[in-house]
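So you can see what is in the structure, the chains are spelled out below.
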Amino acid sequence: MAGLYHYFVEGECEMVLLKALMHAEDASYGICPGKIEILNVLYQKISPTKARTIKKGTKVVFVFDTDIKKIDLLEDNIETIMNNSSLNEEDIIFVQSVSSLEDELVFACERLVNIGELLGTKGREEFKKKFIKHRDIVPKLKSVGFQINKMWSRIPSEPFSSFAQGFRHLTIKK
Amino acid sequence: MAVLKVKFDNILCFNNFEADFSYPKKLVKPTLDSEYLNNFPNIRYRKLNVIVGSNASGKTSLGKAIWKVFLFLLNKEAKTIIDMVSNANKSAYVLMDCVYPEGLFFRLEIKIVSPTNEVLVKYQEKFLNGNDSYETVVDRLDDSDKGFENYIKVLEHVITSGWNFLFPSIESGFDVISCAYEKNERKEFSNVLERVLKTFDDSVLSVTPSKEIDNSYIVSFKNGLKSIPITHGDKLSEIKMLSSGSKYAVNIAGIIYAIKKHKNGFYFVDEQFSYVSHDLEIACLATMVNLLDDGEQLFFTTHDTEILSLPFPNHSYNFLKKVSDEEGNINIQMINAGTLEKRNNVNIKNLYDNDFFDVAPSTNLILELGDK
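Residues numbered from 1 in each chain as written. Chains lettered and ligands numbered in written order. Predicted model: local features only at pLDDT ≥ 70, side-chain atom pairs only at ≥ 80, totals over all residues. Heavy atoms only, no water.

1. Considerations on the packing of aromatic side chains
Residue and element names in this part refer to chain B. Within the structure shown, the criterion is met by 37 aromatic pairs over all chains. Aromatic pair F165 and F266: ring centres 5.6 Å apart, planes at 45°, arrangement tilted. Of this pair, F165 sits in strand β10 (residues 163-166) while F266 sits in strand β14 (residues 266-270), and the two are 101 residues apart along the sequence. In this structure, F165 and F266 share a single accessibility class: buried. When the centroid spacing of 4.6 Å and the interplanar angle of 20° are considered together, the rings of F319 and F357 count as stacked. (Phe/Tyr/Trp six-rings, centres within 6.5 Å; stacked < 30°, edge-to-face > 60°. Helix = DSSP H or I, 4+ residues; strand = E, 2+ residues; numbered from the N terminus. Buried < 20%, exposed > 50% of the residue type's maximum accessible area, 1.4 Å probe, protein only.)

2. Describing the environment of B:Y93
Residues and elements named next belong to chain B. Considering the arrangement of structural elements, one finds Y93 in strand β6 (residues 92-100). Put simply, Y93 and F300 are 207 residues apart on the chain and 25 Å apart in space, counted from C-alpha to C-alpha. Non-local contacts of Y93, meaning those with residues more than four positions away in its chain, are made with K7, F8, D9, I11, E109, I110, K111 and F148. Of note is the side chain of Y93, whose polar atom sits 2.5 Å from the side chain of E109. (Contact = heavy atoms within 4.5 Å. Polar contact = N/O pair within 3.5 Å; in protein donor to acceptor, adjacent residues only side chain to side chain.)

3. Let's talk about the environment of B:N15
All names here are of chain B. Its location among the elements puts N15 in the loop between β1 (2-9) and β2 (17-20). With 259 residues separating them along the chain, N15 and S274 place their C-alpha atoms 28 Å apart. Here N10 takes part through its backbone nitrogen, which lies 3.3 Å from a polar atom of the side chain of N15.

Below, the structure written as C-alpha coordinates:
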(Lines give C-alpha, C1' and ligand atoms only; values in the text may rest on other atoms or scores of the structure.)
Protein backbone atom coordinates (compact mmCIF):
# COMPACT_ATOMS: atom_id res chain seq x y z
CA MET A 1 0.00 0.00 0.00
CA ALA A 2 3.03 2.28 0.13
CA GLY A 3 3.38 4.46 -2.93
CA LEU A 4 1.35 7.20 -4.46
CA TYR A 5 -1.86 6.89 -6.43
CA HIS A 6 -3.73 9.46 -8.44
CA TYR A 7 -7.17 8.47 -9.64
CA PHE A 8 -8.88 10.21 -12.55
CA VAL A 9 -12.50 9.13 -12.35
CA GLU A 10 -15.44 9.61 -14.67
CA GLY A 11 -17.90 11.09 -12.17
CA GLU A 12 -19.02 11.65 -8.61
CA CYS A 13 -20.39 8.13 -8.14
CA GLU A 14 -17.00 6.60 -8.91
CA MET A 15 -15.40 9.09 -6.50
CA VAL A 16 -17.83 8.22 -3.71
CA LEU A 17 -17.33 4.49 -4.22
CA LEU A 18 -13.54 4.66 -4.33
CA LYS A 19 -13.38 6.91 -1.26
CA ALA A 20 -15.66 4.52 0.60
CA LEU A 21 -13.46 1.56 -0.33
CA MET A 22 -10.32 3.46 0.70
CA HIS A 23 -11.84 4.09 4.14
CA ALA A 24 -13.54 0.70 4.48
CA GLU A 25 -13.28 -0.66 8.01
CA ASP A 26 -13.63 -4.20 6.72
CA ALA A 27 -10.09 -5.12 5.70
CA SER A 28 -11.20 -7.25 2.78
CA TYR A 29 -12.72 -4.27 0.95
CA GLY A 30 -9.75 -1.91 1.13
CA ILE A 31 -8.14 -0.35 -1.92
CA CYS A 32 -4.98 1.75 -2.27
CA PRO A 33 -5.65 5.28 -1.07
CA GLY A 34 -4.93 8.01 -3.56
CA LYS A 35 -5.88 11.46 -4.72
CA ILE A 36 -9.16 11.36 -6.60
CA GLU A 37 -10.01 13.83 -9.28
CA ILE A 38 -13.10 13.90 -11.42
CA LEU A 39 -11.95 14.00 -15.01
CA ASN A 40 -13.39 11.78 -17.70
CA VAL A 41 -10.30 10.65 -19.56
CA LEU A 42 -12.41 9.72 -22.60
CA TYR A 43 -13.77 13.23 -23.01
CA GLN A 44 -11.48 15.65 -21.15
CA LYS A 45 -7.83 16.42 -21.66
CA ILE A 46 -5.26 16.17 -18.93
CA SER A 47 -3.15 19.28 -19.40
CA PRO A 48 0.65 19.09 -19.57
CA THR A 49 0.73 21.44 -16.55
CA LYS A 50 -1.30 18.99 -14.51
CA ALA A 51 0.81 16.07 -15.70
CA ARG A 52 3.89 17.89 -14.40
CA THR A 53 2.46 17.90 -10.88
CA ILE A 54 2.29 14.10 -10.76
CA LYS A 55 5.10 12.99 -8.49
CA LYS A 56 7.69 10.36 -9.39
CA GLY A 57 6.64 6.87 -8.39
CA THR A 58 2.93 7.62 -8.70
CA LYS A 59 0.54 5.14 -10.23
CA VAL A 60 -2.09 6.94 -12.26
CA VAL A 61 -5.46 5.25 -12.34
CA PHE A 62 -8.02 5.93 -15.07
CA VAL A 63 -11.56 4.93 -14.12
CA PHE A 64 -14.04 5.17 -16.98
CA ASP A 65 -17.10 3.67 -18.64
CA THR A 66 -16.85 1.71 -21.87
CA ASP A 67 -20.37 2.25 -23.16
CA ILE A 68 -19.27 4.70 -25.84
CA LYS A 69 -16.52 3.42 -28.09
CA LYS A 70 -14.26 6.43 -28.24
CA ILE A 71 -10.59 6.33 -27.27
CA ASP A 72 -8.83 9.15 -29.13
CA LEU A 73 -8.66 11.44 -26.08
CA LEU A 74 -7.75 8.52 -23.85
CA GLU A 75 -4.71 7.88 -26.04
CA ASP A 76 -3.85 11.60 -26.01
CA ASN A 77 -4.02 11.63 -22.21
CA ILE A 78 -1.70 8.63 -21.93
CA GLU A 79 0.76 10.42 -24.17
CA THR A 80 0.48 13.68 -22.22
CA ILE A 81 1.28 11.90 -18.99
CA MET A 82 4.21 10.04 -20.45
CA ASN A 83 5.63 13.17 -22.13
CA ASN A 84 5.28 15.46 -19.14
CA SER A 85 5.99 13.30 -16.12
CA SER A 86 8.45 10.60 -15.17
CA LEU A 87 5.83 7.90 -15.58
CA ASN A 88 5.83 5.07 -18.08
CA GLU A 89 2.91 3.27 -19.64
CA GLU A 90 3.05 0.55 -16.97
CA ASP A 91 2.47 3.23 -14.32
CA ILE A 92 -1.01 3.80 -15.70
CA ILE A 93 -3.71 1.49 -14.40
CA PHE A 94 -6.98 1.16 -16.28
CA VAL A 95 -10.20 0.48 -14.41
CA GLN A 96 -12.91 0.02 -17.01
CA SER A 97 -16.57 -0.31 -16.23
CA VAL A 98 -18.39 -2.82 -18.42
CA SER A 99 -20.19 -0.94 -19.50
CA SER A 100 -21.14 1.52 -16.73
CA LEU A 101 -20.60 1.74 -12.96
CA GLU A 102 -24.17 0.64 -12.34
CA ASP A 103 -23.61 -2.49 -14.47
CA GLU A 104 -20.40 -3.23 -12.57
CA LEU A 105 -22.18 -2.98 -9.21
CA VAL A 106 -24.97 -5.30 -10.33
CA PHE A 107 -22.37 -7.80 -11.59
CA ALA A 108 -20.35 -7.61 -8.35
CA CYS A 109 -23.33 -7.91 -5.98
CA GLU A 110 -24.72 -11.45 -5.82
CA ARG A 111 -28.17 -10.47 -4.68
CA LEU A 112 -28.69 -7.45 -6.91
CA VAL A 113 -30.74 -7.90 -10.07
CA ASN A 114 -31.02 -4.26 -11.02
CA ILE A 115 -29.31 -1.20 -9.62
CA GLY A 116 -32.53 0.42 -8.42
CA GLU A 117 -32.83 -2.25 -5.69
CA LEU A 118 -29.64 -1.08 -3.98
CA LEU A 119 -31.03 2.22 -2.73
CA GLY A 120 -34.67 1.87 -3.69
CA THR A 121 -34.50 4.24 -6.64
CA LYS A 122 -36.14 4.55 -10.00
CA GLY A 123 -34.05 5.57 -12.97
CA ARG A 124 -30.36 6.33 -13.37
CA GLU A 125 -30.45 9.95 -12.23
CA GLU A 126 -32.24 9.20 -8.97
CA PHE A 127 -29.79 6.39 -8.26
CA LYS A 128 -26.81 8.68 -8.84
CA LYS A 129 -28.24 11.37 -6.57
CA LYS A 130 -28.85 8.92 -3.73
CA PHE A 131 -25.58 7.08 -4.22
CA ILE A 132 -23.56 10.31 -3.99
CA LYS A 133 -25.26 11.31 -0.76
CA HIS A 134 -25.03 7.89 0.88
CA ARG A 135 -22.77 7.97 3.93
CA ASP A 136 -22.26 4.23 4.43
CA ILE A 137 -22.02 2.70 1.00
CA VAL A 138 -19.72 -0.25 1.74
CA PRO A 139 -22.00 -1.90 4.35
CA LYS A 140 -24.90 -1.24 1.97
CA LEU A 141 -23.11 -3.05 -0.84
CA LYS A 142 -22.11 -5.88 1.51
CA SER A 143 -25.75 -6.35 2.43
CA VAL A 144 -26.45 -7.37 -1.17
CA GLY A 145 -23.47 -9.69 -1.50
CA PHE A 146 -20.78 -7.34 -2.83
CA GLN A 147 -17.66 -9.20 -3.94
CA ILE A 148 -14.79 -6.84 -4.55
CA ASN A 149 -12.91 -9.39 -6.66
CA LYS A 150 -15.77 -9.34 -9.18
CA MET A 151 -15.76 -5.55 -9.41
CA TRP A 152 -14.07 -4.21 -12.53
CA SER A 153 -12.90 -7.74 -13.36
CA ARG A 154 -14.40 -8.24 -16.81
CA ILE A 155 -12.53 -7.49 -20.01
CA PRO A 156 -14.34 -4.86 -22.06
CA SER A 157 -14.95 -5.22 -25.76
CA GLU A 158 -13.04 -3.42 -28.52
CA PRO A 159 -11.58 -0.83 -28.66
CA PHE A 160 -11.00 -0.99 -24.89
CA SER A 161 -9.79 -4.58 -24.65
CA SER A 162 -6.23 -3.54 -25.45
CA PHE A 163 -6.05 -1.68 -22.11
CA ALA A 164 -5.43 -4.21 -19.34
CA GLN A 165 -8.11 -4.28 -16.66
CA GLY A 166 -6.11 -3.35 -13.54
CA PHE A 167 -8.42 -2.97 -10.54
CA ARG A 168 -7.00 -6.12 -8.89
CA HIS A 169 -3.68 -4.24 -8.49
CA LEU A 170 -5.46 -1.69 -6.31
CA THR A 171 -7.15 -3.99 -3.84
CA ILE A 172 -5.28 -4.44 -0.58
CA LYS A 173 -5.51 -6.46 2.56
CA LYS A 174 -5.23 -4.17 5.58
CA MET B 1 -2.94 22.65 31.76
CA ALA B 2 -4.33 20.71 28.84
CA VAL B 3 -7.31 21.44 26.62
CA LEU B 4 -9.56 18.40 26.12
CA LYS B 5 -12.24 19.84 23.89
CA VAL B 6 -13.29 23.04 22.16
CA LYS B 7 -16.50 24.02 20.44
CA PHE B 8 -16.90 27.28 18.55
CA ASP B 9 -19.99 28.54 16.81
CA ASN B 10 -20.01 31.88 15.00
CA ILE B 11 -16.54 32.56 16.37
CA LEU B 12 -13.97 33.88 13.87
CA CYS B 13 -14.19 31.49 10.90
CA PHE B 14 -15.69 28.65 12.96
CA ASN B 15 -19.32 27.55 12.71
CA ASN B 16 -20.48 24.40 14.51
CA PHE B 17 -16.82 23.58 14.98
CA GLU B 18 -15.76 20.92 17.43
CA ALA B 19 -12.34 19.46 18.18
CA ASP B 20 -11.48 16.80 20.71
CA PHE B 21 -7.98 16.58 22.17
CA SER B 22 -8.53 13.56 24.37
CA TYR B 23 -8.41 9.94 23.25
CA PRO B 24 -10.72 7.24 24.52
CA LYS B 25 -8.65 4.07 24.77
CA LYS B 26 -5.31 3.26 26.31
CA LEU B 27 -2.81 2.77 23.48
CA VAL B 28 -1.27 -0.68 23.10
CA LYS B 29 2.13 0.55 21.96
CA PRO B 30 2.26 4.27 22.76
CA THR B 31 4.89 6.17 20.79
CA LEU B 32 4.67 9.20 23.05
CA ASP B 33 5.26 8.91 26.80
CA SER B 34 2.51 9.45 29.33
CA GLU B 35 -0.29 11.02 27.34
CA TYR B 36 -2.35 11.13 30.51
CA LEU B 37 -2.23 12.82 33.89
CA ASN B 38 0.23 11.03 36.16
CA ASN B 39 -2.12 10.96 39.15
CA PHE B 40 -5.23 10.39 37.06
CA PRO B 41 -4.14 7.85 34.43
CA ASN B 42 -7.59 7.56 32.85
CA ILE B 43 -7.58 11.25 31.97
CA ARG B 44 -6.04 10.71 28.55
CA TYR B 45 -5.17 13.74 26.52
CA ARG B 46 -3.27 14.33 23.33
CA LYS B 47 -0.02 15.78 24.50
CA LEU B 48 1.03 16.79 20.99
CA ASN B 49 -1.39 18.19 18.45
CA VAL B 50 0.20 18.83 15.08
CA ILE B 51 -2.19 20.77 12.88
CA VAL B 52 -1.62 20.63 9.16
CA GLY B 53 -3.82 22.57 6.84
CA SER B 54 -3.59 24.31 3.53
CA ASN B 55 -3.57 28.09 3.42
CA ALA B 56 -6.55 29.84 4.98
CA SER B 57 -7.83 26.62 6.54
CA GLY B 58 -8.09 28.10 10.05
CA LYS B 59 -4.87 27.04 11.82
CA THR B 60 -3.98 30.47 13.15
CA SER B 61 -7.64 31.26 13.85
CA LEU B 62 -7.90 28.16 16.03
CA GLY B 63 -4.93 29.35 18.05
CA LYS B 64 -6.36 32.83 18.33
CA ALA B 65 -9.77 31.59 19.41
CA ILE B 66 -8.29 29.46 22.20
CA TRP B 67 -5.95 32.28 23.19
CA LYS B 68 -8.79 34.81 23.42
CA VAL B 69 -10.86 32.47 25.57
CA PHE B 70 -7.93 32.15 27.97
CA LEU B 71 -7.46 35.92 27.91
CA PHE B 72 -11.15 36.38 28.68
CA LEU B 73 -10.80 34.12 31.71
CA LEU B 74 -7.85 36.22 32.82
CA ASN B 75 -9.00 39.77 32.14
CA LYS B 76 -12.77 39.20 32.39
CA GLU B 77 -13.39 41.75 29.62
CA ALA B 78 -16.38 41.04 27.38
CA LYS B 79 -14.76 42.80 24.43
CA THR B 80 -12.13 40.05 24.21
CA ILE B 81 -14.87 37.58 23.30
CA ILE B 82 -17.30 39.88 21.49
CA ASP B 83 -14.56 40.90 19.03
CA MET B 84 -14.40 37.29 17.85
CA VAL B 85 -18.09 37.07 16.89
CA SER B 86 -18.27 36.64 13.15
CA ASN B 87 -21.92 37.39 12.37
CA ALA B 88 -23.35 40.06 14.69
CA ASN B 89 -26.90 39.05 13.77
CA LYS B 90 -26.47 35.60 15.28
CA SER B 91 -25.68 34.46 18.78
CA ALA B 92 -22.29 32.86 19.31
CA TYR B 93 -21.13 30.02 21.53
CA VAL B 94 -17.87 28.76 22.99
CA LEU B 95 -17.16 25.61 24.99
CA MET B 96 -13.79 24.67 26.38
CA ASP B 97 -12.90 21.70 28.60
CA CYS B 98 -9.55 21.92 30.38
CA VAL B 99 -7.72 19.97 33.01
CA TYR B 100 -4.90 20.77 35.41
CA PRO B 101 -2.43 18.02 36.38
CA GLU B 102 -3.20 18.67 40.06
CA GLY B 103 -6.65 17.20 39.43
CA LEU B 104 -8.94 20.09 38.60
CA PHE B 105 -11.19 19.97 35.57
CA PHE B 106 -13.22 22.89 34.29
CA ARG B 107 -15.76 23.45 31.56
CA LEU B 108 -16.27 26.99 30.39
CA GLU B 109 -19.25 27.83 28.21
CA ILE B 110 -19.81 31.29 26.81
CA LYS B 111 -22.87 32.63 25.01
CA ILE B 112 -22.79 35.97 23.24
CA VAL B 113 -26.40 36.92 22.76
CA SER B 114 -27.43 38.72 19.58
CA PRO B 115 -28.16 41.59 19.09
CA THR B 116 -27.38 42.86 22.60
CA ASN B 117 -23.88 41.33 22.78
CA GLU B 118 -24.65 40.30 26.33
CA VAL B 119 -22.01 37.82 27.45
CA LEU B 120 -23.35 34.94 29.54
CA VAL B 121 -21.13 32.31 31.06
CA LYS B 122 -21.53 28.89 32.61
CA TYR B 123 -18.46 27.69 34.47
CA GLN B 124 -18.24 24.25 36.06
CA GLU B 125 -15.31 22.92 38.06
CA LYS B 126 -14.81 19.31 39.17
CA PHE B 127 -12.09 17.82 41.31
CA LEU B 128 -10.95 14.57 39.78
CA ASN B 129 -11.16 11.19 41.47
CA GLY B 130 -8.29 8.76 41.00
CA ASN B 131 -10.25 6.60 38.55
CA ASP B 132 -11.92 9.40 36.66
CA SER B 133 -11.75 9.43 32.89
CA TYR B 134 -12.70 12.41 30.78
CA GLU B 135 -16.00 10.69 30.03
CA THR B 136 -16.86 10.13 33.72
CA VAL B 137 -16.10 13.75 34.59
CA VAL B 138 -18.29 14.95 31.75
CA ASP B 139 -21.07 12.70 33.07
CA ARG B 140 -20.94 14.65 36.33
CA LEU B 141 -21.47 17.97 34.55
CA ASP B 142 -24.76 19.73 34.09
CA ASP B 143 -25.14 19.72 30.32
CA SER B 144 -28.47 21.52 30.33
CA ASP B 145 -29.00 24.94 28.84
CA LYS B 146 -29.54 26.34 32.32
CA GLY B 147 -27.01 28.05 34.56
CA PHE B 148 -25.74 30.77 32.23
CA GLU B 149 -25.23 34.01 34.10
CA ASN B 150 -23.54 37.34 33.69
CA TYR B 151 -19.84 36.70 33.13
CA ILE B 152 -18.58 39.14 35.76
CA LYS B 153 -20.42 37.37 38.55
CA VAL B 154 -19.51 33.87 37.37
CA LEU B 155 -15.84 34.49 36.70
CA GLU B 156 -15.19 36.74 39.70
CA HIS B 157 -13.21 34.10 41.59
CA VAL B 158 -11.87 32.12 38.62
CA ILE B 159 -8.11 32.25 38.42
CA THR B 160 -6.40 30.71 35.46
CA SER B 161 -2.97 30.93 33.90
CA GLY B 162 -0.41 28.81 32.16
CA TRP B 163 -0.41 29.34 28.44
CA ASN B 164 2.06 30.49 25.83
CA PHE B 165 1.01 31.35 22.29
CA LEU B 166 3.52 32.06 19.57
CA PHE B 167 2.03 33.45 16.37
CA PRO B 168 3.91 34.42 13.18
CA SER B 169 5.51 37.84 13.33
CA ILE B 170 3.46 38.96 10.32
CA GLU B 171 0.34 38.73 12.53
CA SER B 172 -0.56 42.10 13.98
CA GLY B 173 1.08 42.61 17.34
CA PHE B 174 3.39 39.61 17.12
CA ASP B 175 6.40 41.16 15.43
CA VAL B 176 8.08 41.46 18.78
CA ILE B 177 10.96 39.77 20.57
CA SER B 178 9.97 38.11 23.80
CA CYS B 179 12.91 37.41 26.11
CA ALA B 180 12.24 38.99 29.49
CA TYR B 181 13.64 36.81 32.25
CA GLU B 182 14.74 37.17 35.86
CA LYS B 183 18.44 37.91 36.28
CA ASN B 184 19.23 34.41 37.53
CA GLU B 185 17.70 32.89 34.37
CA ARG B 186 19.44 34.97 31.74
CA LYS B 187 22.55 32.84 31.53
CA GLU B 188 20.48 29.70 30.99
CA PHE B 189 18.26 31.37 28.41
CA SER B 190 21.27 32.74 26.53
CA ASN B 191 22.63 29.19 26.40
CA VAL B 192 19.40 27.94 24.79
CA LEU B 193 19.35 30.91 22.41
CA GLU B 194 22.98 30.31 21.48
CA ARG B 195 22.37 26.63 20.72
CA VAL B 196 19.34 27.39 18.59
CA LEU B 197 20.90 30.35 16.76
CA LYS B 198 24.16 28.51 16.09
CA THR B 199 22.19 25.60 14.63
CA PHE B 200 20.16 27.92 12.42
CA ASP B 201 23.14 30.04 11.36
CA ASP B 202 26.64 28.64 11.58
CA SER B 203 28.19 32.10 11.36
CA VAL B 204 26.95 32.76 14.91
CA LEU B 205 29.79 32.45 17.43
CA SER B 206 28.12 33.05 20.78
CA VAL B 207 25.22 34.60 22.64
CA THR B 208 25.75 36.27 26.00
CA PRO B 209 23.52 38.33 28.27
CA SER B 210 24.13 42.05 27.82
CA LYS B 211 25.90 43.68 30.72
CA GLU B 212 24.44 47.08 29.96
CA ILE B 213 20.78 46.42 29.15
CA ASP B 214 18.36 44.20 31.03
CA ASN B 215 16.64 41.56 28.89
CA SER B 216 19.09 42.04 26.06
CA TYR B 217 21.47 39.47 24.57
CA ILE B 218 24.53 40.05 22.45
CA VAL B 219 24.99 37.82 19.39
CA SER B 220 28.61 37.61 18.23
CA PHE B 221 29.58 36.31 14.82
CA LYS B 222 32.57 34.50 13.42
CA ASN B 223 35.01 36.33 11.14
CA GLY B 224 34.90 39.43 13.30
CA LEU B 225 31.49 40.56 12.06
CA LYS B 226 29.82 43.21 14.18
CA SER B 227 27.86 41.90 17.18
CA ILE B 228 24.13 42.61 17.39
CA PRO B 229 21.80 43.01 20.36
CA ILE B 230 18.57 41.04 20.69
CA THR B 231 16.39 42.94 23.10
CA HIS B 232 13.01 42.16 24.65
CA GLY B 233 10.28 44.28 23.07
CA ASP B 234 12.21 45.10 19.88
CA LYS B 235 10.76 44.17 16.51
CA LEU B 236 11.71 40.69 15.36
CA SER B 237 11.69 41.79 11.71
CA GLU B 238 14.23 44.52 12.41
CA ILE B 239 16.99 42.31 13.80
CA LYS B 240 20.01 42.95 11.62
CA MET B 241 22.44 40.36 10.28
CA LEU B 242 20.09 37.41 10.70
CA SER B 243 18.24 35.67 7.85
CA SER B 244 14.43 35.44 7.91
CA GLY B 245 14.52 31.92 9.37
CA SER B 246 17.14 32.83 11.96
CA LYS B 247 15.00 35.73 13.16
CA TYR B 248 12.28 33.22 13.97
CA ALA B 249 14.92 31.23 15.89
CA VAL B 250 14.85 33.90 18.59
CA ASN B 251 11.25 33.23 19.57
CA ILE B 252 11.63 29.49 18.93
CA ALA B 253 14.43 29.52 21.51
CA GLY B 254 12.04 31.34 23.82
CA ILE B 255 9.37 28.67 23.57
CA ILE B 256 11.90 25.84 23.96
CA TYR B 257 13.19 27.57 27.08
CA ALA B 258 9.64 28.05 28.40
CA ILE B 259 8.85 24.35 27.93
CA LYS B 260 12.22 23.32 29.41
CA LYS B 261 11.48 25.38 32.53
CA HIS B 262 7.77 24.38 32.56
CA LYS B 263 6.79 28.01 32.71
CA ASN B 264 3.34 27.66 31.19
CA GLY B 265 1.84 24.25 30.53
CA PHE B 266 -0.16 24.94 27.37
CA TYR B 267 1.85 25.89 24.31
CA PHE B 268 0.57 26.90 20.87
CA VAL B 269 3.34 27.29 18.30
CA ASP B 270 1.87 28.64 15.09
CA GLU B 271 3.84 28.48 11.85
CA GLN B 272 7.19 29.51 13.22
CA PHE B 273 9.01 27.37 10.71
CA SER B 274 7.85 28.71 7.34
CA TYR B 275 11.38 30.01 6.64
CA VAL B 276 13.12 27.13 8.37
CA SER B 277 14.51 23.95 6.82
CA HIS B 278 12.78 20.67 7.55
CA ASP B 279 15.67 19.21 9.56
CA LEU B 280 15.69 22.19 11.89
CA GLU B 281 11.94 22.09 12.29
CA ILE B 282 11.83 18.44 13.31
CA ALA B 283 14.78 18.94 15.68
CA CYS B 284 12.90 21.76 17.42
CA LEU B 285 9.61 19.84 17.49
CA ALA B 286 11.19 16.67 18.88
CA THR B 287 12.96 18.75 21.55
CA MET B 288 9.78 20.52 22.57
CA VAL B 289 7.80 17.28 22.75
CA ASN B 290 10.48 15.58 24.79
CA LEU B 291 10.49 18.40 27.33
CA LEU B 292 6.73 18.33 27.94
CA ASP B 293 5.86 17.36 31.49
CA ASP B 294 2.78 16.01 33.26
CA GLY B 295 -0.35 17.83 32.18
CA GLU B 296 1.45 19.91 29.57
CA GLN B 297 0.31 20.13 25.98
CA LEU B 298 1.76 21.38 22.72
CA PHE B 299 -0.10 22.55 19.65
CA PHE B 300 2.07 22.91 16.58
CA THR B 301 0.84 24.18 13.22
CA THR B 302 2.82 23.69 10.06
CA HIS B 303 2.72 23.43 6.29
CA ASP B 304 5.57 20.93 6.33
CA THR B 305 3.92 17.59 5.66
CA GLU B 306 7.22 15.74 6.22
CA ILE B 307 6.36 16.13 9.92
CA LEU B 308 3.68 13.49 9.29
CA SER B 309 6.43 10.88 8.92
CA LEU B 310 7.61 11.32 12.49
CA PRO B 311 6.83 8.44 14.86
CA PHE B 312 4.19 10.18 16.94
CA PRO B 313 0.81 8.52 17.56
CA ASN B 314 -1.64 8.89 14.68
CA HIS B 315 -3.93 10.89 16.94
CA SER B 316 -1.24 13.59 17.21
CA TYR B 317 -1.95 14.61 13.63
CA ASN B 318 -4.89 16.84 12.75
CA PHE B 319 -6.01 18.40 9.52
CA LEU B 320 -8.20 21.44 9.05
CA LYS B 321 -10.28 21.86 5.96
CA LYS B 322 -13.11 24.02 4.72
CA VAL B 323 -16.28 22.31 3.61
CA SER B 324 -19.50 23.79 2.36
CA ASP B 325 -22.79 22.53 3.74
CA GLU B 326 -26.01 22.02 1.79
CA GLU B 327 -26.96 25.68 2.24
CA GLY B 328 -23.64 26.82 0.81
CA ASN B 329 -22.15 27.95 4.14
CA ILE B 330 -18.43 27.35 4.53
CA ASN B 331 -17.56 25.45 7.69
CA ILE B 332 -14.21 24.35 9.03
CA GLN B 333 -13.74 20.75 10.08
CA MET B 334 -10.93 19.18 12.03
CA ILE B 335 -10.02 15.68 10.94
CA ASN B 336 -7.89 13.60 13.26
CA ALA B 337 -5.62 11.03 11.61
CA GLY B 338 -6.16 8.60 14.49
CA THR B 339 -9.88 8.36 13.90
CA LEU B 340 -9.43 7.34 10.25
CA GLU B 341 -6.31 5.20 10.60
CA LYS B 342 -5.97 3.18 13.78
CA ARG B 343 -2.77 1.28 12.91
CA ASN B 344 0.19 3.15 14.34
CA ASN B 345 2.70 1.50 12.01
CA VAL B 346 1.21 3.22 8.96
CA ASN B 347 3.04 6.27 7.61
CA ILE B 348 0.58 9.15 7.89
CA LYS B 349 2.64 11.11 5.35
CA ASN B 350 1.94 8.49 2.72
CA LEU B 351 -1.77 8.60 3.49
CA TYR B 352 -1.70 12.41 3.36
CA ASP B 353 0.10 12.39 0.01
CA ASN B 354 -2.63 10.09 -1.26
CA ASP B 355 -5.24 12.52 0.09
CA PHE B 356 -6.66 9.81 2.34
CA PHE B 357 -7.88 12.53 4.69
CA ASP B 358 -9.54 14.43 1.85
CA VAL B 359 -7.86 17.71 2.71
CA ALA B 360 -5.78 18.49 -0.38
CA PRO B 361 -6.67 21.85 -1.91
CA SER B 362 -7.79 21.98 -5.53
CA THR B 363 -5.01 23.56 -7.57
CA ASN B 364 -6.82 23.60 -10.90
CA LEU B 365 -7.31 27.38 -11.05
CA ILE B 366 -3.56 27.88 -10.88
CA LEU B 367 -2.71 24.98 -13.17
CA GLU B 368 -5.06 26.32 -15.84
CA LEU B 369 -2.90 29.46 -15.99
CA GLY B 370 -0.15 27.23 -17.32
CA ASP B 371 -2.21 25.84 -20.18
CA LYS B 372 -1.08 27.10 -23.57
